[in-house]
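Fold and geometry: a report
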Amino acid sequence: MPQSDPDSAAREALRLIGPDPQNWVPDRDGIDHNVVVVGGGQSGSAFAFALRRAGIGKVSVIDAAADAGKAGVWLTSARMHKLRTPKTLPGPELGLTGLGFQAWYETRHGAAAFDALDRIPRLDWAAYLDWYRRATGAAIRYGTRLLRIEPAADHLRLHLERNGATTIETTRKLVLATGFAGSGGAYVPDVLRAVPKQFHAHTSEKIDFRALRGLSVAVIGSAASAFDAAATALEAGARDVHLFARRETLASLPVIRIRGYPGAYDNYGSLPDAVRWHQAVRFRRAGSTPPPDAISRAVAFPNFHLHLGAPWTSSQLKGGRPTAITSHGKFPFDFAIAGTGYSVDLGAQPELRDFTDEILLWRDRFTPHDGERDDTLAAYPYLGSGHEYLEKVPGRAPYLRDIHVFNPAAFVSFGLPIGDVPSFKRDIPGITARISRDLFLADLASHEARINGEIAEDFTAELYAPAVWRPPQHVAAE
């Protein structure tokens, strides 16, 4: 049964863990923030709470989106009906069940309603995240875009844009919780880029699907976002949708799932490089699997056509209308959608350009045997145990250790699409602990003085003086 006070479980969870610790990080002259988190979606909100509970003050979370409704993907570019992950996975609650999705949902709809869910509806997840931000007091500075990270002596200078004006703020630590688009951007095949932009979009973009009514739509890609876009176009009244896949069969082997048990999940970052590389290659070759219901959603339409083993070889404009040339023949279309994922190309991120060449990549650290070479994976950053960038040349860019990556660029190092819900339980506490350690050790002299400082007694000897045993006084015989 729904509860009359649906927030009582959250309040009780927060009451039982006690007040937030006081900020223990000493102030430094000229430093505005101890930590800046870039990205105010589900990841940034969870970091705000985790850092506060670690006693780390002066934390700022920024997001380029104008407001909460435009931040993240759930109300913008995500088009699935349900999340792809199991409904019971731990999320941003960080071990406090009263702050988790299940508690939130059950207090509003009842336990039976939660039991009836197979996976979490997307719009319910968006509503839950909005509630989570309010319940935990996560303050997000919307409308604030990071333009450039400028290394300084012992901190980072962040060039920010807000309301058309550029300002500079300083921070000791930086967390990049920037989602799939945060390490290179959307990948659009060259064969589609050859088509004028008004005829195509990537699934990460805002698409007016109502404008596709009565039109012929081409979709490139065969992972979840491609099927979601195809179904959305069909539901909006597209005349027909042709989805083109490079593979001869749809990817159906969920290789990441097999290593989801605690031993592999918790210790993945400690695996030898060769093992982590092999797992990344195995995933790439198996492909990203669309959920069965995403496929069924599109297949339900008789005007949906699936082309397997049909990559585009070229494209052209004929009579002002674009045409795809594939191994299956030529297919004119009115609009194309690229469900082709995202690239990892650190040089394409303007905020990183001051030091892109200093970042250690997997190709700099590990050489696979010929059967497992993969230039795409080789371009991923080789991260430290706290998700921090490492130097390509030791000693030349020490500031990199203060930039922590919580986005899918961490995939090869940590084995998951970092920033998605499955990564929260392990990696948000792990990064928070590393930030705490680094800040503490960087101010060791101050903390050493503090822990060796004078402290008042809890009580004086008068408290126990009456009970102190004294041996009997013997009077010498005369």
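Residues numbered from 1 in each chain as written. Predicted model: local features only at pLDDT ≥ 70, side-chain atom pairs only at ≥ 80, totals over all residues. Heavy atoms only, no water.

What follows covers the UniProt feature "domain: FAD/NAD(P)-binding" (unreviewed entry) in the chain. In this structure's numbering, the residues bearing the UniProt feature "domain: FAD/NAD(P)-binding" (unreviewed entry) are residues 34–251. From the first C-alpha to the last, residues 34–251 spans 44 Å; its make-up is 27% helix and 27% strand. (UniProt positions renumbered as here; feature names shortened; annotations may be inferred. Helix = DSSP H or I, 4+ residues; strand = E, 2+ residues; numbered from the N terminus.)

The next point concerns the sheet that holds strand β14 (residues 321–326). An order of β13-β14-β15 is seen for the three strands of this open sheet, with the pairing classed as antiparallel. On the outer flanks of this sheet lie β13 (312–318) and β15 (329–332), each paired with one strand and no other. Averaged over all pairs of adjacent strands, the angle between strand axes in this sheet comes to 25°, irrespective of strand direction. By the bridge criterion, four bridges tie β14 to β15 in an arrangement that is antiparallel. In the strand pairing of β15, Thr-323 is matched with Pro-332. (Pairing = 2+ DSSP bridges. Axes fitted to C-alpha atoms, helices over the stretch in contact; angles between N-to-C directions.)

Bridge analysis of strand β6 (residues 145–151) against strand β7 (residues 156–162) gives six bridges, and the strand direction is antiparallel. Looking at the pairing, Ile-149 lines up with Leu-158 of β7. Direction of pairing for β7 relative to strand β8 (residues 165–176): antiparallel, over a ladder of seven bridges. Counterpart to His-159 in the pairing with β8 is Ile-168.

Attention now goes to the environment of Ala-300. Position of Ala-300 among the secondary structure elements: in the loop between α10 (292–299) and β12 (304–307). With relative accessibility at 60%, the residue Ala-300 sits in the exposed group. Taking C-alpha positions, Ala-300 is 9.8 Å from Leu-234, a pair spaced 66 residues apart along the chain. (Buried < 20%, exposed > 50% of the residue type's maximum accessible area, 1.4 Å probe, protein only.)

Okay, the sheet that holds strand β11 (residues 240–244) next. Sheets are built from strands paired through backbone hydrogen bonds, the pairs being either parallel or antiparallel. Across the sheet, which stays open at both edges, the five strands sit in the order β9-β16-β10-β11-β12 with parallel pairing between neighbours. In this open sheet, the two edge strands, each paired with only one partner strand, are β9 (200–202) and β12. This sheet shows a mean twist of 20° between the axes of neighbouring strands, independent of strand direction. Note: strand β10 (residues 216–220) against β11, five bridges, orientation parallel.

Let us look at unusual backbone geometry. With a phi close to 55°, Lys-58 is a non-glycine residue in the positive phi region. Looking at the element boundaries, Lys-58 is found in the loop between α2 (42–53) and β2 (59–62). Relative accessible area serves as the criterion here: at 33%, Lys-58 is assigned to the partly exposed category. One non-glycine residue, Leu-94, adopts positive backbone phi at about 55°.

Here we take up the pairing of β10. Of all five residues in β10, five are buried, a share of seventy percent or more. In this fold, the crossover linking β10 to β11 by way of helix α7 (residues 224–235) has right-handed handedness. Relative to strand β16 (residues 335–338), β10 runs parallel, the two being bridged by four bridges. Pairing of Ile-220 across the sheet is with Ala-338, part of β16. (Right-handed = clockwise from strand over helix to strand, strands pointing away.)

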